[in-house]
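Architecture and fold: a report
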Amino acid sequence: MNAPDRERRPASSAAAAAGAQIQRRRLQRGMSQAELARRTGLSKGTLSQLEAGAGNPTIDTLDAIAVALGIPLTDLLTRQAGPGTHHVPATPAGQDGPTRELLRRISGGHSLELWRLRLPPHTSVDGVPHAPGTVEHLLVASGRLTAGPADDLRLLRAGDLLAFAGDAPHAYRTDATPADVTVVIASPSFT
């Protein structure tokens with residue numbers, strides 16, 4: 001079968017999303033396709049196809065592009081539309097246990113996750129250590145909470161902020177008062 005006779009398979013939505021992210025990040029940095037191609041060792045034609053969503057990039061290819069752009073690989077895999085308005089309507093808290101909601105993941109050379117954590121009275125949750133270098137920030141909106149590194153728990157009240165190394169065992173505990181807490185998890189970039 002001749003090349004013109006072959007039917008092209010449509011790119012996956014993941015490939016299209018990665019292509020859009022490559023192009024967006026390249027343009028944000030004022031970099032031409034030729035310069036990005038030079039930095040990655042890819043041909044300009046291959047890069048053009050990837051940006052158009054017509055390619056099927058390997059993880060190694062995406063990693064090389066991420067390194068050249070100075071961003072985490074995960075930034076190329078997000079389907080997030082961009083920096084426009086992001087509204088997350090409030091949801092009711094669970095009655096039988098903790099309620100955790102990822103509100104937003106913010107990328108761009110680092111990773112920030114914004115969570116809402118609502119703990120009913122007399123609740124205890126052990127936090128799983130995150131990647132090395134991660135820092136957790138807790139801002140208590142209402143209630144009381146004992147939280148922090150497992151070996152250095154602190155009593156927090158509404159309005160209190162606590163930041164601690166999230167790469168070690170940590171815990172969250174309520175007494176007779178429920179707690180509503182905003183949690184920001186800041187993870188380092190590994191590019």
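Below you will find a few notes about this structure. What you are looking at is a predicted structure, and each value in this text was computed from that prediction instead of being measured.

1. Notes on the layout of surface pockets
By volume, the second largest pocket is sized at about 240 Å³. Broken down by secondary-structure element, the contributors of at least two residues to the lining of the second largest pocket are strand 2 (111-119), strand 3 (124-127), strand 7 (170-173) and strand 8 (179-187). Among the elements that line the lining of the second largest pocket, the one with the most residues is strand 2, at 4 residues. Its residues assigned to classes, the lining of the second largest pocket comprises 7 nonpolar, 3 polar and 5 charged.

2. So, the side chain of Gln33
Examined against the element boundaries, Gln33 turns out to sit in helix 2 (residues 33-40). Note on Gln33: relative accessible area 18%, which makes it buried. A distance of 2.8 Å separates polar atoms of two side chains, one belonging to Gln33 and the other to Glu51. Once residues within four sequence positions are removed from consideration, Gln33 is found in contact with Arg26, Lys44, Leu47, Ser48 and Glu51.

3. Some thoughts on helix 2
Taken as a whole, helix 2 has its buried residues at Gln33, Leu36, Ala37 and Thr40. Considered in projection along helix 2, the buried side chains sweep an arc of 100° and stay on one side of the axis. Turning to helix 2, the residues buried within the fold contact helix 1 (13-28), helix 3 (44-51) and helix 4 (59-69). Positioned one or two residues after helix 2, Gly41 has a phi angle of 80°, which is positive.

4. Quick look at unusual backbone geometry
Non-glycine residue His122 carries a positive phi angle of around 55°. Structurally, His122 is set in the loop between strand 2 and strand 3. Judged by relative accessible area, His122 falls into the exposed class, the value being 64%.

5. Topic: the side chain of Arg118
Mapped onto the secondary structure, Arg118 falls in strand 2. Residue Arg118 is classed as buried on the basis of its relative accessible area, which comes to 11%.

6. Some thoughts on the environment of Gln21
Its place among the elements puts Gln21 in helix 1. Its relative accessible area of 3% is what places Gln21 among the buried residues.

About the criteria used
Residues numbered from 1 in each chain as written. Predicted model: local features only at pLDDT ≥ 70, side-chain atom pairs only at ≥ 80, totals over all residues. Heavy atoms only, no water. 1 Å grid on protein atoms, 1.4 Å probe; cavity = no way out; pocket = protein on both sides within 12 Å on 5 of 7 lines; lining within 4 Å. Points joined across faces, edges and corners; volume = space filled by probe spheres on them. Helix = DSSP H or I, 4+ residues; strand = E, 2+ residues; numbered from the N terminus. Nonpolar A, V, L, I, M, F, W, Y, C, P; charged D, E, K, R; others polar. Buried < 20%, exposed > 50% of the residue type's maximum accessible area, 1.4 Å probe, protein only. Polar contact = N/O pair within 3.5 Å; in protein donor to acceptor, adjacent residues only side chain to side chain. Contact = heavy atoms within 4.5 Å. Arc of directions from axis to C-beta.

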